[in-house]
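# Structural overview for review
Spelled out from the first residue to the last, the chains are:
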Amino acid sequence: KNEVEQSPQNLTAQEGEFITINCSYSVGISALHWLQQHPGGGIVSLFMLSSGKKKHGRLIATINIQEKHSSLHITASHPRDSAVYICAVGGDMRFGAGTRLTVKP
Amino acid sequence: DAMVIQNPRYQVTQFGKPVTLSCSQTLNHNVMYWYQQKSSQAPKLLFHYYDKDFNNEADTPDNFQSRRPNTSFCFLDIRSPGLGDAAMYLCATSIPTASGANVLTFGAGSRLTVL
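The following refers to the structure shown. Since the structure is predicted, the reported quantities are computational estimates derived from the model, not experimental observations.

Now for the overall build of chain A. For chain A, the count of helices and strands is zero helices and 11 strands. When the elements of chain A are put in sequence order from the N terminus, they spell out β-β-β-β-β-β-β-β-β-β-β. Relative to the compact-globule value of 13 Å for 105 residues, chain A shows a C-alpha radius of gyration of 13 Å, a close match. For chain A, the C-alpha atoms occupy an extent of roughly 40 × 25 × 20 Å along the three principal directions. Taking all 105 residues of chain A together, the buried fraction comes to 45%. Pairs at least 24 residues apart make up 52% of the contacts formed inside chain A by residues separated by at least 6 positions. A total of about 5000 Å² of accessible surface is found on chain A, and carbon and sulfur atoms cover 49% of it. Charge-centre separation for chain A: the mean point of 10 positive side chains lies 4 Å from the mean point of 7 negative side chains.

Put into structure tokens, the structure is as follows:
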């Protein structure tokens, strides 16, 4: 079993829809990262979370340390949000398999 | 600007010909990571350094070696590249914050082609 599980693996949405991507992990951590990778692009760190909730524009990330679960939400999704979203945990930065999001106009 | 720089961005090598990829950072982060990312897959951690302490993943092939001569530089050496080693190689750095969490920064990657 992977230490970091993401769901769904693939997600297709219509522009404007509310998106939720989930991440569950089995190791104890001090923080979790949400990362974004556009096709053919580099990886950008979106959020680093150790508790509660963070918001950046249309992106919201939440974490429940007790339940070892985090969610990334995108409000009013747009085609430019199409990317792979990856959660990473632990001091050695273990990655989930990623969620490939496609937002159609 | 402070950043993580990988060189070369694109590397073409022949089967079995050694390759070295470099990563430099001006962030003074004490942790450096090397990841391998194959097409349509998530990055896979190869190894990481916490300061000078080297941490190898159990399933990283012996063909892959790393050096970190100082805080700013880290190298990935592929001793005898095979066709299966063609991938994007990503370097990342991090530093623990006061809360114990890690600020994480990625380089743009080095794409390796093996002929």
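A few words on the interface of chain A and chain B. For interface size, the figure often reported is the accessible area lost on association. Listed by partner, the interface residues are 18 residues for chain A and 17 residues for chain B. Carbon and sulfur atoms supply 61% of the area buried between chain A and chain B, which totals about 1400 Å² over both sides. On the chain A side of the contact with chain B, Ile43(A), Met93(A) and Phe95(A) bury the most area, a combined 31% of that side's loss. Where chain A packs against chain B, one counts one salt bridge.

To continue, consider the state of the cysteines. Residue and element names in this part refer to chain A. Taken as a whole, this structure holds two disulfides over all chains when the rule is applied. Here Cys23 is linked by a disulfide to Cys87, with a sulfur-sulfur distance of 1.8 Å. Here the residue Cys23 occupies a position in strand β3 (residues 19-25), and Cys87 occupies one in strand β9 (residues 83-89), the gap between them amounting to 64 residues. The two residues Cys23 and Cys87 agree in class, both being buried.

Let's shift gears to the packing of aromatic side chains. Residue and element names in this part refer to chain B. Scanning all chains against the criterion turns up eight aromatic pairs over all chains. Taken together, a centroid distance of 6.1 Å and an interplanar angle of 25° make the contact between Tyr33 and Tyr35 stacked. Ring plane angle 55° and centroid distance 5.1 Å describe the contact between Tyr49 and Phe54, whose orientation is recorded as tilted. Look at Phe54 and you get partly exposed, because its relative accessible area is 39%.

Once that is clear, we can look at the sheet that holds strand β7 (residues 64-67) of chain B. Residues and elements named next belong to chain B. Spatial ordering of the open sheet is given by β1-β3-β8-β7, a layout of four strands whose pairing is antiparallel. Two strands close off the open sheet at either side, each with one partner strand: β1 (4-7) and β7. The sheet shows a mean angle of 20° between the axes of neighbouring strands, direction not considered. Bridge count for β1 against strand β3 (residues 19-25) is four bridges, and the pairing is antiparallel. When the bridges of β3 are listed, Val4 appears paired with Gln25.

Cut-off values and rules
Residues numbered from 1 in each chain as written. Chains lettered and ligands numbered in written order. Predicted model: local features only at pLDDT ≥ 70, side-chain atom pairs only at ≥ 80, totals over all residues. Heavy atoms only, no water. Helix = DSSP H or I, 4+ residues; strand = E, 2+ residues; numbered from the N terminus. Rg over C-alpha atoms; globule rule 2.2 N^0.38 Å. Buried < 20%, exposed > 50% of the residue type's maximum accessible area, 1.4 Å probe, protein only. Contact = heavy atoms within 4.5 Å. Areas by Shrake-Rupley, 256 points an atom, 1.4 Å probe, with all protein chains shown as cover. Lys, Arg positive; Asp, Glu negative; His and termini not counted. Charge placed at Lys NZ, Arg CZ, Asp CG, Glu CD. Buried area = accessible area lost by both parts, 1.4 Å probe. Salt bridge = Lys/Arg side-chain N within 4 Å of Asp/Glu carboxyl O. Disulfide = S-S within 2.5 Å. Phe/Tyr/Trp six-rings, centres within 6.5 Å; stacked < 30°, edge-to-face > 60°. Pairing = 2+ DSSP bridges. Axes fitted to C-alpha atoms, helices over the stretch in contact; angles between N-to-C directions.

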